[in-house]
Structures are given as C-alpha cells and as structure tokens.
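Listed here are the chains, written in short residue letters.
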Amino acid sequence: EAGVTQFPSHSVIEKGQTVTLRCDPISGHDNLYWYRRVMGKEIKFLLHFVKESKQDESGMPNNRFLAERTGGTYSTLKVQPAELEDSGVYFCASRTGTGVGNEQFFGPGTRLTVL
Amino acid sequence: GQNIDQPTEMTATEGAIVQINCTYQTSGFNGLFWYQQHAGEAPTFLSYNVLDGLEEKGRFSSFLSRSKGYSYLLLKELQMKDSASYLCAVTGFQKLVFGTGTRLLVSP
C-alpha cells in the first residue's frame, strides 16, 4: 500500500510568487491534515479535511493560504502571494476512521524556500 | 493555551537505554503520540497512550501520567539507526499539537 505522497519535494520561489503544494493521502483515508514546520520551531497544525469538507482551519496563518480537497481525494495548498516567513517544511498527513487514537500517517513533506 | 516541552537534544551510546521526557499542558486531551523522524523524512508513528501506564512495543516503551501531564519514551538496546528526532504530540480535538522534538544522537 502506497503511503502519503507530496509534490514537489522542494520548491524555491521568490517573494510575491504563487506556489501550490499537493498531497495524495493513503487511499480510503477520509481525514487529511496539513501541518507546517518553520525553522527551529515545532510542527504546527494548519487545517483538517474530512473528505472534501474543512473540519478545522484554525491553524491557517492568513488568507494568503488556500487549501482545497475537491472530490475528497488529493489536496492542494496554495500560497499566494508567498512571503519570506512562509518558508518551511509543509507536511501532509492522513488518517482513517473517527477514533482519535488512530495514528496519522505523514508524508515526507515539501520544503518551501521563499527568497 | 497549549504547551509541550521536550529536551532539545540528547546523546547516548549504542546498546544503552535512554529516556526522553515530555511534559504537556493542553486544553482537551485525547491521548499522546510519539513519532520518530529521521532527517528529511516523514515522521513515523511509534506509540499512542491514552490511559495512564506503560505501553511496551519491542525495544520501545511509552509511559503516560495524565494527572502529571507527563510522558516518556524509553528506548532500550540503542542502535545507531535510532539516531533521529523524537516528537511528542498531544491530540485533543483531532489535530496533533507537537513539541519541538528531541534530537537523539547515538554514538558507537
């Protein structure tokens, strides 16, 4: 069974440009999460989808970030326009079921560098 | 507010035992996870505790005390491949709240 995949693995863009990150969860996982780790800090929650619906987007930093999960399969996270402080590693995770004890499976992350 | 504390870095010798502590203060608690993360890779699940006590899984064990807001991850018979970051994360309402992670360096 394939794990969570993310594309691209690295992205280097200039301030003011747009970047779209993609996450393909494990097949059949209704729950999809986005997290971010900025340099030297802890991994922080961004938002949570259940199928195609946003369950919790309390961690989204501002309206420059837009996440979608049309059809309830893969998800995209768009940053427009990108700022220097958006640099970091963006992780996606997916989970099956509704039990909070079910582990979240993480992807390898997308390293975003904004110059 | 939510606060999770772990030591930043630890060192140990191959074959030894190491204990990584995690203290937490969160609003809402539905369990504590430990993840392992090698540099440049995805965090991978190690353990989940929701009740007080010790959960043992091979060379790794995890302990939880909810009244003290405290957990530890115990690694026995350390191997070089155990050099990694160990992330403590608390779940309250679906999402995970992470500590900064503990970087463990295992030396020969």
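Being a predicted model, the structure only gives us computed values, none of them experimental.

### Structural notes on the confidence of the model for chain B
When pLDDT drops low, the exact placement of atoms in the prediction is not to be read closely. Chain-level statistics for chain B give a pLDDT mean of 94 and a share of 99% at 70 or above. When mean pLDDT is taken per element in chain B, strand β8 (residues 70-75) of chain B scores highest with 98 and strand β1 (residues 3-5) of chain B scores lowest with 93.

### Here we look at the state of the cysteines
All names here are of chain A. Evaluation of the coordinates by the stated rule reveals 2 disulfides over all chains. With a sulfur-sulfur separation of 1.8 Å, C23 is cross-linked through a disulfide to C92. Across the disulfide from C23 to C92, rotation about the S-S bond amounts to roughly -60 degrees, and the bridge is consequently left-handed. Highlighted residues: C23 in strand β3 (residues 19-24) and C92 in strand β9 (residues 88-95), separated in sequence by 69 residues.

### Regarding the pattern of salt bridges
Here the idea is simple: oppositely charged side chains can pair when their charged atoms come close. Overall, the coordinates contain 10 salt bridges over all chains when judged by the stated rule. Taking the shortest distance from any N to any O, the salt bridge between K76(B) and E56(B) comes out at 3.7 Å. Of this pair, K76(B) sits in the loop between β8 and β9 (84-91) while E56(B) sits in strand β6 (residues 53-57); the two residues are 20 residues apart in sequence, bridging distant segments of the chain. Residue R59(B) is joined to D82(B) by a salt bridge in which the shortest nitrogen-to-oxygen separation is 2.8 Å. Placement of the pair is R59(B) in the loop between β6 and β7 (60-65) and D82(B) in the loop between β8 and β9, with a sequence separation of 23 residues. Each of R36(A), R64(A), E85(A) and D86(A) takes part in one network of salt bridges that share partners.

### Topic: the side chain of S62(B)
Residues and elements named next belong to chain B. Tracing the chain through its elements places S62 in strand β7. Relative accessible area serves as the criterion here: at 0%, S62 is assigned to the buried category. A polar contact of 3.2 Å, which involves the side chain of S62, links it to the side chain of S47. If we skip the residues at most four places from it in the chain, S62 touches W34, S47, N49, G53, L54, E55, Y72 and L73.

### Side note on the packing of aromatic side chains
Residues and elements named next belong to chain A. In the structure shown here, the tally under the stated rule is 17 aromatic pairs over all chains. For the pair Y33 and Y35, a centre-to-centre distance of 6.2 Å together with 25 degrees between the ring planes defines the contact as stacked. The pair Y33 / Y35 is uniform in exposure class, with both members buried. Over the ring of Y74 we find R22; its NZ or CZ atom is 3.7 Å from the centre of that ring.

Each value, and the rule that gives it
- Residues numbered from 1 in each chain as written.
- Chains lettered and ligands numbered in written order.
- Predicted model: local features only at pLDDT ≥ 70, side-chain atom pairs only at ≥ 80, totals over all residues.
- Heavy atoms only, no water.
- pLDDT = per-residue confidence, 0-100.
- Helix = DSSP H or I, 4+ residues; strand = E, 2+ residues; numbered from the N terminus.
- Disulfide = S-S within 2.5 Å.
- Salt bridge = Lys/Arg side-chain N within 4 Å of Asp/Glu carboxyl O.
- Buried < 20%, exposed > 50% of the residue type's maximum accessible area, 1.4 Å probe, protein only.
- Polar contact = N/O pair within 3.5 Å; in protein donor to acceptor, adjacent residues only side chain to side chain.
- Contact = heavy atoms within 4.5 Å.
- Phe/Tyr/Trp six-rings, centres within 6.5 Å; stacked < 30°, edge-to-face > 60°.
- Lys NZ or Arg CZ within 6 Å of the ring centre and 35° of its normal.

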